[in-house]
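# Residue-level structural notes
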Amino acid sequence: MTERFIQTRGVDICTESFGDPKDPAVLLIMGASVSMIWWEDDFCRKIADRGRFVIRYDNRDVGRSVTYAPGQPEYSFEDLADDAMGVLDGYGIEKAHIVGMSMGGLLTQILALRHRERVLSVTLIATSNFAPGLPPMEERVERFFAGQGEVDWSDMEAVVSFSLERWRVLRGSGRTFDEQKIARLSEKEAKRAVSPASMSNHAFVTGGETYLMRTGEIDVPTLIIHGTEDPIIPYPHAVHLAEAIPGAKLITLSGAGHELHEEDWDLIIGAIIDHTAR
């Protein structure tokens, strides 16, 4: 496990790898406003131990990657997708299996269309193509995120508290809430963030629409994983994706929310290993 900065198209992206570079590469892309540490160390190691070279990284504006003024992201979703290819270039990897969660899943769909020649397979966790008619996020989630403007981002304790409550709001009723672990990871994230106030910039990013309207054209092996109690991207979004993408396989996590819960790791990791063995 080594942290490494990759410069791509003039910006610095912080990355970390696990396992043997000679093994098939699996690139992990995390969701909006959170850093790569939520692909937990042990989660990454478990995949690497089963014969995959795992790379995780901080998207722009989170963790130790390049940041922009709060409320002023100077990039699009296409730029974020291209960053992923820059990470692969930095590691000398021609093709990889892409695993994306939430916003990372949105970027993964863009990659499967924008950089088809670099993508071996895609795994979409707790994500959507946001087609018309799909149910919106729950009101309680909207209320919670509406209050993030009141957070004092210069106060480490306030930042950690906000993160802890965010994961509490997003969990499903069928999963335990390990407050001690979430608090520890939240503190780690806050301490390594270049600009905690910039972490909400992803809410202002635009673009990607022309690709998300074409998800039916994705022609690489596709695995979809989604919790039935996801309050931010409700489960019908997963069903729609599975119907829209030819040959897609859907794995349902009963009682799970918008989370990568340790209780689901064995199922998720096993599915990813099988999926990337094709």
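The sections below set out a description of the structure shown in this document.

Parameters at a glance
Throughout, residues of each chain are indexed from 1 in the direction in which the sequence is written. The predicted origin of the model limits local features to residues at a pLDDT of at least 70 and limits the giving and counting of side-chain atom pairs to 80 or more, whereas totals for whole chains, interfaces and linings rest on all residues. Hydrogens are left out, water is left out, and the side-chain values use all remaining heavy atoms of the structure. Only DSSP runs of H or I covering at least 4 residues are called helices, and only runs of E covering at least 2 are called strands; the numbering of each starts at the N terminus. When accessible area is computed with a 1.4 Å probe and restricted to protein chains, residues below 20% of their type maximum are described as buried, those above 50% as exposed, and intermediate ones as partly exposed. Between two residues, a contact is recorded if the distance between any of their heavy atoms is within 4.5 Å. A pair of strands is treated as paired once DSSP finds two or more bridges between them. We call a crossover right-handed when, viewed with both strands directed away from the observer, the connection leading from the first strand over the helix to the second proceeds clockwise.

### Observations concerning the side chain of His115
Within the secondary structure layout, His115 lies in the loop between helix 3 (103–114) and strand 6 (119–125). His115 gets classed as buried once you look at its relative accessible area, which sits at 16%. The residues contacting His115, other than those within four sequence positions of it, are Asp82, Met85 and Ile110.

### Remarks on the pairing of strand 7 (residues 222–227)
Burial analysis of strand 7 places six of its six residues in the buried class, which makes it a mostly covered element. Across the two faces of strand 7 the burial is the same, with Thr222, Ile224 and His226 and Leu223, Ile225 and Gly227 all buried. By the bridge criterion, four bridges tie strand 6 to strand 7 in an arrangement that is parallel. The residue of strand 7 that forms the bridge with Leu124 is Ile224. Traced from strand 7 through helix 8 (residues 236–244) to strand 8 (residues 249–253), the parallel crossover comes out right-handed.

### Focus on unusual backbone geometry
The backbone phi angle of Arg9 is positive, close to 50°, even though this residue is not glycine. Along the polypeptide, Arg9 turns up in the loop between strand 1 (2–8) and strand 2 (11–18). Even without being a glycine, Asp61 presents a positive backbone phi close to 75°.

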